[in-house]
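Spelled out from the first residue to the last, the chains are:
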Amino acid sequence: MGKPCIHCGEDCGKHPVLWDDKPFCCNGCKTVYQILNEKELKQYYQIEKMPGIRVETEPVGEKYAYLDLEEIKTKLLDFSDGGISKVNLFIPSIHCASCIWLLENLSTLHSGVINSTVNFPRKEANITFKEDEITLRQVVELLASIHYIPEITLEKSSEDPTKKSNKTLLLKIGITGFVLMNVMMYNFPEYLPGGELLENDFRRLFGWLSLALSIPVVVYTSNDYYLSAYKSLKHKIISIDLPIAIGIITLFLQSAFDIITDTGIGYIDSLTGLVFFLLIGKWYQGKTYQALSFERDYKSYFPIAVTKIVDGKEEIIPLEKLAEGDHILVRNQELIPADSRILKGDANIDYSFVTGESLPVSKEVGDLIFAGGRQVGSSIELEVYKAVEQSYLTQLWNQEKSADKFDSRLNTLINMVSQYFTAIILAIAIGAGAYWLFIDKRLAVFVFTSVLIVACPCALALTVPFTFGSTIRQFGRRGFYLKKTDVIEQLNKIKAIVFDKTGTITQNKALKADFIGEMLSDETILKIKSIVRHSTHPLSAGLFLSLPGNDFYQVDNFKELPGMGITGFIAGSRFNIGSKKFVMGKAEEELGLKTRVYVSKDAKALGFFQLENQYRQGLGEVISDLKTNFELHLLTGDNEAEKQNLIPLFGDESKLQFNQSPTDKLAYVKNLKSDGKTVLMVGDGLNDAGALNESDVGITIADDIYHFSPACDAILESKQFMNLNKFIRFTHTSLTVVRISFVISFIYNIGGLYFAVSGLLTPVIAAILMPISSVSVVAFATFTIAHFARRNLSFGKN
């Protein structure tokens, strides 16, 4: 035996390849190590000891030249616009945390890679790159150079992989069931009194027939357990399938020995019964989890609405009703809901939601734009080219890097327990088997196998995703939409809540707008309405609804300045609409309890609209409830006109901050966090996007048009604002259900081990109990959450 390879751990043999006095089994492994060393990515080896894959040194050459062909690239790329492309690649060699770390740091290996994320269960890498710096071919060659070789297929399978997997599982169940029935028939005399009177020739014949029939069960229908155990051991991991594989092999070898040596009939009936019930349990688990799956339901509840133009009139429709050929309106900062062609307007598309790059891409009438882009500037009218499932936008939301801010202690605990669980079970099984070997040899085999089979950490591992998943589903049904399950755990830790004012604690729908200033002509009023039509700010939306007219003017060079106002040209005249400082250049104190929106035309002040602020229904009750448990703060870009109204609500005057710019709001949240407080920010997602992203949890309040803000972690429908405290309290209920489920899981495992070690449990019964334990914990978590939701969140979705 030679030294182990520094990269992959394989034996280097008598003549290792040396570099920097370090041994490698081949030049390929040496090259990968050199690349990682040169790019200062040596942390790859610190995450897991010798995590690399043995590299076959086959020259790439022109192997991937076909990826330069335009028709091939079009089929493979998920997105390509403005010099930015995205591709999703299946990489079978992803096997550990080091693989994930390296693949998500591809940008360090090549500056042309913008970002890359890994879906570990599916072994897929989603890579966004700049086409002028690195081509698709070069991306694949880069992956091949570090031996993460993608499997590239141009034809998409029409068959659902899940259905194909289910067919294979059902085939295995059928084969095992057939063998079990026949083996039980051969062993039937043994189950009856007087079975020992059966002639030896028949007993031997039945034994050999049982052994022969069991071979397909051991070799084929059980192979998933062997493969899983082998792959885990190869990478120095002890998986839950290892004890099962050992149990199956032990029963088979002992049975084969007994039958071949004619010392007994073996345990073939127990072996086939064990595998049969394991497979039945696997199928039942899959069906149960599919029925209780929260992801599909969660996506169907997600609120995305679209402004559709029908006969010149605007109407709001849910995304699922959007069809190919529909005529839609997209305002400044709104998302493109489906792949579309531009009919009217100047499009500047920010694809940062899709690619991570925020530089807008200019588009002209007739150009195709992709779903997930965000319009920057004046409104545009589009024709839907291809309807997109709303789950696509949900996936984009979930891939946002802001999700990395969550630190789940529950998942850390589960990973730690699962890491040592199987090793402890193996030790108990060996000890118990050795003990019974001196008392009853036949029982020793049963005890050893039963211990391996009955104990399972699956119930523990499934508790959190199904409890929190059920909570997300119940929240979604009631108008509260969470980005990830980790948000629930984070909401449970909240100590301080920061509110924005305009559009958050106030509502701006159908406001009465009184204009104070020079008399405005109908033409000027319509021009003002044409400009505010392009903005999604709550005050713009309120002003738009309050002004008459539907024949809009063309607006050129529209711009929206966060915290300041909006500006645009109509027929050569420039209109500024917004704060007094933005419109008139003055920042003097304003008095009164109404919000003022100033207007100027060609630098001449016309006056201001006075809008009465209406607080959201139930605001007093919400603030009163929250004050008992949380430290409350208010940040607003408005002046102190309503300060005296807000002090009775919030109490502490020092926690009311006025004239706050978006940068001020961000700094305020950072200061709260630096004081050790877990912060919840509630805003409208426009002027407070930075603060929402910086907070531990950011919630956007959504009115009729759902502003899809990537910065937020949750979206709360405005009509459910009064129930905010109930949602936060319910996260405590979810955590309690998780803890109870943990206790149930531990009780099951301890109880099961007690009976197994005592010799009171056969492998077949253990195989039945194992999936039942997982399903029971999942069902308990799901139905308990549903019960408490009906009781504590009984308001439902209005």
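Residues numbered from 1 in each chain as written. Predicted model: local features only at pLDDT ≥ 70, side-chain atom pairs only at ≥ 80, totals over all residues. Heavy atoms only, no water.

Asks: Would you mind showing me how to read the side chain of Ser600 here?
Replies: Within the secondary structure, Ser600 is located in strand E23 (residues 594-601). Overall, Ser600 belongs to the buried group, its relative accessible area being 1%. In contact with Ser600, not counting residues within four places along its chain, are Arg574, Phe575, Asn576, Val583, Ala605 and Leu606. (Helix = DSSP H or I, 4+ residues; strand = E, 2+ residues; numbered from the N terminus. Buried < 20%, exposed > 50% of the residue type's maximum accessible area, 1.4 Å probe, protein only. Contact = heavy atoms within 4.5 Å.)

Asks: Sorry, what's going on with the pairing of strand E22 (residues 573-578) here?
Replies: A regular strand places its side chains so that they alternate between the two faces of the sheet. Counting buried positions along E22 gives five out of six residues, so the element sits mostly inside the fold. Pairing of strand E21 (residues 565-570) with E22 involves six bridges; the strand directions are antiparallel. Directly across from Thr567, in E22, lies its bridge partner Asn576. Linking E21 to E22, which pair antiparallel, is a turn of two residues; within it Ala571 sits at a positive phi near 50°. (Pairing = 2+ DSSP bridges.)

Asks: Please explain the sheet that holds strand E28 (residues 679-683) as it appears in this structure.
Replies: Pairing between the strands of a sheet comes from backbone hydrogen bonds, and it takes one of two forms, parallel or antiparallel. Overall, mixed pairing links the seven strands, which are arranged E16-E30-E29-E28-E17-E26-E27 in an open sheet. Every other strand in the sheet has two partners, leaving strand E16 (480-482) and strand E27 (656-657) as the edge strands with one partner each. Across four bridges, the pairing between strand E17 (residues 496-500) and E28 is parallel. Paired with Ala496 across the strands is Val679, a residue of E28.

Asks: Please explain the pattern of salt bridges as it appears in this structure.
Replies: Pairing is possible between side chains of opposite charge, provided their charged atoms come close. Overall, the coordinates contain 15 salt bridges when judged by the stated rule. Across the salt bridge formed by Asp68 and Arg137, the nearest N and O atoms sit 3.0 Å from each other. Here Asp68, found in the loop between helix H2 (44-47) and helix H3 (70-76), pairs with Arg137, found in helix H6 (residues 136-145); they are 69 residues apart in sequence, far enough to count as distant. With relative accessibility at 38%, the residue Asp68 sits in the partly exposed group. Relative accessible area serves as the criterion here: at 15%, Arg137 is assigned to the buried category. One salt bridge connects Lys130 with Glu133, and the closest N-O pair in it is separated by 3.9 Å. On the accessibility criterion, Lys130 (24% relative accessible area) is partly exposed. One salt-bridge network, in which partners are shared between bridges, spans Asp68, Arg137 and Glu141. (Salt bridge = Lys/Arg side-chain N within 4 Å of Asp/Glu carboxyl O.)

Asks: Is there a simple way to explain the sheet that holds strand E6 (residues 124-130) in this structure?
Replies: In spatial order, the strands read E3-E4-E6-E5; together these four strands make up an open sheet with antiparallel pairing. Pairing within the sheet leaves two strands with one partner each, and these edge strands are strand E3 (77-81) and strand E5 (113-119). Pairs of neighbouring strands in the sheet enclose a mean axial angle of 15°, with direction left out of account. Bridge analysis of E5 against E6 gives six bridges, and the strand direction is antiparallel. Among the inter-strand pairings, Val118 is bridged to a residue of E6, identified as Ala125. Along the sheet, H6 contacts E3, strand E4 (84-90), E5 and E6; its crossing angle with E6, the most-contacted strand, is approximately 130°. (Axes fitted to C-alpha atoms, helices over the stretch in contact; angles between N-to-C directions.)

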